[in-house]
Amino acid sequence: MDRTWQITLMYFFIHLGLIFFLYPGDVISSTNDGHWLPVIIGFMVHLAAITVYMKGLSFIGRRDIISLYLEAGKGWPLLLLLPVTVYFLLIIIITLRYCAEMMTIVFLSNTPLWAIMLLFLLIAAFIAIKGIGTLLRTGVLTGMLCLPVILLFTAASFQNVDWRYIFPLADGFAFFTDSDFYQSFFAFAGGFLFLGFLQPYFTYRKKNIFIAALVLLPFFLFSVYIPVLTFGQATASTFHFPFIAALDSINLSWLMFDRITIFFFLCLISFTMLFLTMVLWSTIRVISRCIPVIKPSYLTFALPVLIFIACMAIPNWEDVKLLFEWNSYLRFYVVITIPLSTYFFGKRLQRKVDCHAAD
Amino acid sequence: MGFISRIKEQYAVSDDFFILNDYLLETPVILMGFNSLMDWTLTKQNLQTYINTAADTGLGLEEFRTVLGQVETASGMDKASAGLLQGKLIIYFEQENSFIVMDTVARTLDRSITPPVNENVFQGTLSSFTEDINSNIGILRKQIQSSHVNVSSYTIGSEETRQLTLVYYEGHADVNLIEKIKMQIEQNKHQQIDNLQQLSQRMMGFRNWTLVPNLNQTELPEEAANFLRNGRALLFMDRLPVAVVLPSLLWDIFVLGSDRHMPLPLMMFLRALRVIGVMLTLILPGTYVALVSVNPEVLRIELALSIAQTREGIPYPAIVEIVLMLLILELIIEASIRLPKNIGPTITMVGGIILGEAVVQAKLVSNLLIIILAATTIANSTIIGLQQSLSLRIAKYIIVILAAIYGVFGIMEGLVLVFAYLSSLHPFGIPYTSIMRCKKEVNHG
């Protein structure tokens, strides 16, 4: 079944959800001037990764990457799928805990963390149980509701912009030595891996993903530049969430709400929720395919419970950050190896098919 | 046991059953039927006319019998029974042990075609479906004059039989969908179907525990014709004055075929209104609870203060307040359906007093809540289909409860949950949230 539009939109929404939270803060603290350079470099890496990945996926036809690796021979599944699974699990735990913490900071100061995480997990598990079709459709419906809000407030956030802050345009490549720069790859990595898991269920035109990626570029730039242009680099670098702070500074006199940030924030959280569900679904797929003994239905119940326990076991905010840092090594491993291995295995597979055809 | 004694055993206890000895071209016959289902006098006259003509033209008994109807040997009771219950006359020939099922002059037991009762028409065709299945199909055939409209009839049920008819537009409807529906009907032909719940569960194999109606229904031939053109299938059940639409989709609650009698911008405006209506129904009550009890800081300070002022002296939390009033509102809606039309306005008046003034003056609920409730009820009524509007009414409680716990975040996640639920439904493999047009067009979300 061809679901190009749904999948492209899903890719777009998931990345929007990832962009606005952590990414601006990381980029702003990685360099003093010329923020476009790290953004563009990160984006290029992202583009290169999806190019290789898409190329690899187009070789393997209607297979998904799990069966590709399982067919590749001994050792490979362990080397590739195990890190992916661990990475996915860590992402879910970090994102979940992170969102819950943010929520308590921003507007639910009296609600306990576990209650927020429980709601998140319940909804994610519900969608994951219902399958990928449900997830894609939910994504489109949620997007139809949230996208106008995000576009409106992104446009409104130019209210307090001072364009002179855009200079100086370049500041060299010192950010390469800064760990924050590598942290910023969170927004580029991980979001696109799901594209390799869809194949047996749905097909899609790979070209549309590139178009969606290009549409994302302005949002990457906005998310960094809006706080910089509003506050200036020196002030913006002091915020944890510079974009949210920039949004807080907007005053729309015709709106009856005081803090429009909250709506923007909610829409982003919903997109993050889609991301979470997608990762949860992918994890369930990987585990149930590699260990067929476990029934997927048991896994969909057991995995959220495990994740919930893991989230509760994290003592405080500092540990979330630490976990996030550890995860960045795994992130680079996954982002580099998965597209490349898909490409090479895919190519090998195609050569085999060609050989058979020639015989 | 003989044919006659078996018939007698089964039906003679009913007083409207008659069994008479007579002569047909000098052959002794036995006539049977229900005089509650046929006009016996007229039927007898008709029969006499036949006999006279036959006598005049010198027709033999064998030929005459084929003129009256199909000759059946009286081995099985099924055909005779079915004929009797459909108001036919059975002519039994004792000598040959065979019978004829003859058409009769039926009593008028159906109402005439009237304007719809449960659905309102805004500038469209006024006639509506009735109880008689053949009239319904006739109305539909008048609405779509095409040789591609196919009608397949089934007699369902074993003890109590009933006619079920599937109508579809060949070339517009998806072949797989029609095959699936036909297969379901063939498989479950012997099930007893009395209502739409049984139709959806026993016949179509849908799950019973769904919050959204699996079968959409319409009273309006114009809408039914539009559904057919858009590739849906219709089911008619005898004695049910609606067309059941398969599959039911989310899009149906926003879109009415007769919208297209208006210019495009007006049509889009109306449809946008319905979408807004749905969103408001879902969001408004939850927003009240969230903003009053969990996240007052979202509002401008002036507004937050004035809301707080309206709630001054109200002794319970916002969630109790709103659930209480929503419940009263639901009761009013239900009561006004139950009551006869001439007592109905009383409810409106009494309800109006409660909701309008008294409850606020008694400091039981806040002014603002009354506004929210009124707006919600109005918004709720904008969508198409009574059952769908009921689903929506239930869905709003989920959001109210989530809003009471999680504030505005609860509203958002409640909406995601509702979306996820809607997305998870796919009757006959067609996603509930898809837009269905002619076949071979791709569904986009």
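What counts as what
- Residues numbered from 1 in each chain as written.
- Chains lettered and ligands numbered in written order.
- Predicted model: local features only at pLDDT ≥ 70, side-chain atom pairs only at ≥ 80, totals over all residues.
- Heavy atoms only, no water.
- Domains from an automatic or database assignment.
- Core = buried A, V, L, I, M, F, W, Y, C linked by side-chain atoms within 4.5 Å.
- Buried < 20%, exposed > 50% of the residue type's maximum accessible area, 1.4 Å probe, protein only.
- Helix = DSSP H or I, 4+ residues; strand = E, 2+ residues; numbered from the N terminus.
- Contact = heavy atoms within 4.5 Å.
- Expected span 1.5 Å × (residues − 1).
- Arc of directions from axis to C-beta.
- Patch = residues over 30% accessible without salt bridge, like charges linked within 9 Å, V, L, I, M, F, W, Y side chains within 5 Å.
- Areas by Shrake-Rupley, 256 points an atom, 1.4 Å probe, with all protein chains shown as cover.
- Salt bridge = Lys/Arg side-chain N within 4 Å of Asp/Glu carboxyl O.
- UniProt positions renumbered as here; feature names shortened; annotations may be inferred.
- Pairing = 2+ DSSP bridges.
- Axes fitted to C-alpha atoms, helices over the stretch in contact; angles between N-to-C directions.
- 1 Å grid on protein atoms, 1.4 Å probe; cavity = no way out; pocket = protein on both sides within 12 Å on 5 of 7 lines; lining within 4 Å.
- Points joined across faces, edges and corners; volume = space filled by probe spheres on them.
- Nonpolar A, V, L, I, M, F, W, Y, C, P; charged D, E, K, R; others polar.
- Phe/Tyr/Trp six-rings, centres within 6.5 Å; stacked < 30°, edge-to-face > 60°.
- Lys NZ or Arg CZ within 6 Å of the ring centre and 35° of its normal.
- Parallel < 35°, antiparallel > 145°, perpendicular 65-115°, else oblique.
- Left-handed = near helix turned anticlockwise from the far one by under 90°.
- Buried area = accessible area lost by both parts, 1.4 Å probe.
- Polar contact = N/O pair within 3.5 Å; in protein donor to acceptor, adjacent residues only side chain to side chain.

**Observations concerning the domain arrangement of chain B**
- What the domain assignment reports for chain B is domain 1 (3–102), domain 2 (133–249) and domain 3 (260–429).
- The straight-line distance from the C-alpha centre of domain 1 of chain B to that of domain 2 of chain B is 34 Å.

**Quick word on the nonpolar core**
- Counting residues in each nonpolar core, the largest one holds 187 residues, and the members touching the most others are A:Y11, A:F120, A:L195 and B:F409.
- At 19 residues, the largest contribution of residues to this core is made by helix α12 (residues 261–290) of chain A.
- With residues near it in sequence (within four places) discarded, A:L195 still touches A:I7, A:Y11, A:Y53, A:M54, A:L57, A:Y204 and A:I209.
- By size, the runner-up hydrophobic cluster in this structure holds 27 residues, among which are B:L166, B:Y168, B:M204 and B:L235.

**Let's talk about helix α2 (residues 40–57) of chain B**
Residues and elements named next belong to chain B.
- An ideal rise of 1.5 Å per residue puts 26 Å on 18 residues; α2 measures up with 26 Å between its terminal C-alpha atoms.
- All of the buried residues along α2 are W40, T43, L47, I51 and A54. All buried residues of α2 project into a common sector of 75° when viewed along the axis, lining one side. Turned more than 90 degrees from where α2 packs its buried face, T41, D56 and T57 sit exposed.
- The elements touched by buried residues of α2 are β1 (17–24), β2 (27–34), α3 (61–68), β4 (89–93) and β5 (98–102).
- One or two positions beyond α2, positive phi appears at G58, with a value near 70°.

**Concerning a nonpolar patch on the surface**
Residue and element names in this part refer to chain A.
- A surface patch of nonpolar side chains, amounting to about 380 Å² of accessible area, comprises W114, L118, L122 and M312.
- Among the elements that take part in the nonpolar patch, helix α6 (residues 113–130) stands out by supplying 3 residues, more than any other.
- Relative to the elements of secondary structure, M312 occurs in helix α13 (residues 296–313).

**Digging into unusual backbone geometry**
Residue and element names in this part refer to chain B.
- Of the consecutive residues L246 and P247, the connecting peptide bond is found in the cis state with omega at -15°.
- Here P247 is to be found in the loop between β10 (243–246) and α9 (264–294).
- Even without being a glycine, N97 presents a positive backbone phi close to 50°.
- Mapped onto the fold, N97 is located in the loop between β4 and β5.
- Positive phi, normally seen in glycine, also occurs at F428, with a value near 55°.
- For F428, the location among the structural elements is in the segment after α15 (408–424).
- With a relative accessible area of 12%, F428 lands in the buried category.

**Remarks on the UniProt feature "transmembrane region" (unreviewed entry) in chain B**
All names here are of chain B.
- The UniProt entry lists residues 269–294, 314–333, 345–362, 368–386 and 398–422 under the feature "transmembrane region" (unreviewed entry), expressed in the numbering used here.
- Annotation note: span residues 269–294, helix share 100%, strand share 0%, distance between end C-alpha atoms 35 Å.
- Counted over residues 368–386, helix gives 74% and strand 0%. Its end C-alpha atoms are 27 Å apart.

**Looking at the sheet that holds strand β9 (residues 233–237) of chain B**
Residue and element names in this part refer to chain B.
- The strand order β6-β7-β9-β10-β8 describes an open sheet built from 5 strands, whose pairing is antiparallel. Of all strands in the sheet, those bounded by a partner on one side alone are β6 (149–156) and β8 (216–218). Across the sheet, the mean angle from the axis of one strand to that of its neighbour is 25°, orientation sign disregarded.
- Of the pairings in the sheet, the one linking β9 to β10 comprises 4 bridges and is antiparallel in character. Among the inter-strand pairings, L234 is bridged to a residue of β10, identified as V245.

**Digging into empty space enclosed by the protein**
Residues and elements named next belong to chain A.
- Under the counting rule described, the total for this entry stands at 5 cavities of 30 Å³ or more.
- Reported here for the largest cavity is a volume of approximately 110 Å³.
- Around the largest cavity sit G17, L18, F21, L22, I94, T95, Y98, C99, F186, T272 and F324, which together line it.
- If you list the elements that add at least two residues to the lining of the largest cavity, you get α1 (4–19) and α5 (76–106).
- Taken together, the residues of the lining of the largest cavity sort by class into 8 nonpolar, 3 polar and no charged.

**Points about the packing of aromatic side chains**
- Counting across every chain of the model gives 44 aromatic pairs over all chains.
- Relative to A:F222, the ring of A:F219 has its centre 6.3 Å away and its plane inclined at 75°; by these criteria the two rings are edge-to-face. Here A:F219 pairs with A:F222, and both are found in helix α9 (residues 207–231), just 3 residues apart, close to one helical turn.
- For A:F222, a relative accessible area of 29% gives the class partly exposed.
- One aromatic cluster is present, formed by A:Y23, A:F43, A:F175, A:F176, A:F181, A:Y182, A:F185, A:F188, A:F220 and A:F332 through successive ring pairs.
- Between A:R331 and the ring centre of A:F324, over which it is positioned, the NZ or CZ distance is 5.1 Å.
- Taking the ring centre of B:F93 as reference, the NZ or CZ of B:R65 above it sits at 4.5 Å.

**Points about the packing of α5(A) against α6(A)**
Residues and elements named next belong to chain A.
- One way to put it is that α5 packs onto α6 with a least axis distance of 9 Å and a crossing angle of 130°. Taken together, α5 and α6 sit at an angle that is classed as oblique. At the point where α5 passes α6, the crossing takes the right-handed sense. For the pair formed by α5 and α6, the contact residues are L96, R97, C99, A100, E101, M103 and T104 on the first element and L113, I116, M117, F120 and L121 on the second.

**Side note on the interface of chain A and chain B**
- Taken together, the contact between chain A and chain B spans 37 residues of the former and 32 residues of the latter.
- Across the interface of chain A and chain B, roughly 3000 Å² is buried in total on both sides, 71% from carbon and sulfur atoms.
- It is A:L119, A:R137 and A:L141 in chain A that bury the most area against chain B; as a group they hold 20% of the surface buried on that side.
- Summed over the shared surface of chain A and chain B, the result is 0 salt bridges.
- Counting the contacts that link chain A with chain B gives 4 residue pairs in polar contact (both at pLDDT 80 or more).
- Contributing elements (two or more residues each) for the side of chain A that touches chain B: α1, α6, α7 (132–156) and α12 of chain A.
- With 8 residues, the top contributor of residues to the side of chain A that touches chain B is α6(A).
- Looking at the side of chain A that touches chain B residue by residue, the classes come out as 23 nonpolar, 8 polar and 6 charged.

**A word on the environment of A:I19**
Residue and element names in this part refer to chain A.
- Structurally, the position occupied by I19 is in helix α1.
- For I19, a relative accessible area of 0% gives the class buried.
- For I19 and L216, which are 197 residues apart along the polypeptide, the C-alpha to C-alpha distance reads 9.2 Å.

**Quick look at the sheet that holds β1(B)**
Residues and elements named next belong to chain B.
- On the basis of which strands lie adjacent, the open sheet formed by 5 strands has the order β1-β2-β4-β5-β3 and antiparallel pairing. Looking at the sheet topology across the chains shown, the edges are occupied by β1 and β3 (71–73). The mean inter-strand angle of the sheet, taken between neighbouring strand axes irrespective of direction, is 30°.
- Both β1 and β2 contribute to a ladder of 8 bridges, which runs antiparallel. From the neighbouring strand, L20 faces β2, where its bridge partner is L31.
- Contacting β1, β2, β4 and β5, α2 crosses the sheet at an angle of about 15° to β1.

**So, the layout of surface pockets**
Residues and elements named next belong to chain B.
- The calculated volume of the second largest pocket comes to roughly 1500 Å³.
- Elements that contribute at least two residues to the lining of the second largest pocket include exactly β8, α8 (221–229), α9, α11 (318–338), α13 (367–380) and α14 (386–406).
- Here the lining of the second largest pocket is composed, by residue class, of 19 nonpolar, 15 polar and 9 charged.
- Each of domain 2 (133–249) and domain 3 (260–429) contributes no fewer than three residues to the lining of the second largest pocket.

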